[in-house]
Amino acid sequence: MDIKNSFNDMTHFMEQAYAQALMAKDKGEVPIGAVLVYDNNVIAKAHNQTRSDGHFLSHAEILVLQQGAYFLKTPYLSDVDLYVTLEPCDMCMGAISLSRIRRVYFGCYSDFLKKQRTTPCMGGFLETKCYDLLQGFFEDLRKNT
């Protein structure tokens, strides 16, 4: 395995997740984006849509898992990797575990999520960039309330 190319691929996929997070921010959603990668190809993209959908389940991770299951015609995504801009919450990690995702790569760590995971996770990809986007979003939100 070529580690440099592998890292470049991971960064490339995380950039796509980040682009989804920017779309969420533009819509007034919490800026979190996610992509699913199968056989080195993006098969699903999504961003948070809880406000626009009016539903608490519309997290980026849940939406891409649904799209990926539909695309691959199976609920089991054991050969699929998930890239997401923020460490997944408990609800999303439950869905990730049930879907059998192979690996999760995330941008910034969530301060309130410090527990054991059953799915291998690697964090810190574009961490500062992802963190700054979220921090700026919530700062703007507090200014406007």
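Draft legend 1. Structural context of the overall build of the protein chain. The helix and strand tally for the protein chain stands at five helices and five strands. Each principal axis of the C-alpha atoms in the protein chain carries an extent, and together these give about 45 × 35 × 30 Å. Here the protein chain, with 145 residues, has 43% of them falling under the buried criterion. Taking as baseline every contact in the protein chain between residues at least 6 positions apart, the subset at least 24 positions apart corresponds to 49%. Just so you have it, the protein chain exposes about 8,100 Å², and 54% of that area is on carbon and sulfur atoms. Side chains of the protein chain give 15 positive and 17 negative charges; the mean places of these two sets differ by 2 Å.

Draft legend 2. Main features of the side chain of His59. By the element assignment, His59 lies in the loop between helix 2 (50–53) and helix 3 (60–72). Polar side-chain contacts of His59 include one of 3.4 Å to the backbone oxygen of Phe56. Non-local contacts of His59, meaning those with residues more than four positions away in its chain, are made with Asn48, Thr50, Cys89, Met91 and Cys92.

Draft legend 3. Structural detail: the pairing of strand 4 (residues 103–108). With respect to burial, strand 4 is a largely interior element, five of its six residues being buried. Where strand 3 (residues 80–86) lies against strand 4, five bridges are found, and the strand directions are parallel. Opposite Val84, over in strand 4, you have Phe106 as the bridge partner. Note on the crossover from strand 3 through helix 4 (residues 90–99) to strand 4: the handedness is right-handed. Relative to strand 5 (residues 121–123), strand 4 is paired through three bridges, and the arrangement is parallel. Bridging from a neighbouring strand, Tyr105 pairs with Met122 of strand 5.

Conventions used here
- Residues numbered from 1 in each chain as written.
- Predicted model: local features only at pLDDT ≥ 70, side-chain atom pairs only at ≥ 80, totals over all residues.
- Heavy atoms only, no water.
- Helix = DSSP H or I, 4+ residues; strand = E, 2+ residues; numbered from the N terminus.
- Buried < 20%, exposed > 50% of the residue type's maximum accessible area, 1.4 Å probe, protein only.
- Contact = heavy atoms within 4.5 Å.
- Areas by Shrake-Rupley, 256 points an atom, 1.4 Å probe, with all protein chains shown as cover.
- Lys, Arg positive; Asp, Glu negative; His and termini not counted.
- Charge placed at Lys NZ, Arg CZ, Asp CG, Glu CD.
- Polar contact = N/O pair within 3.5 Å; in protein donor to acceptor, adjacent residues only side chain to side chain.
- Pairing = 2+ DSSP bridges.
- Right-handed = clockwise from strand over helix to strand, strands pointing away.

Any functional reading would require information that these geometric values do not contain.
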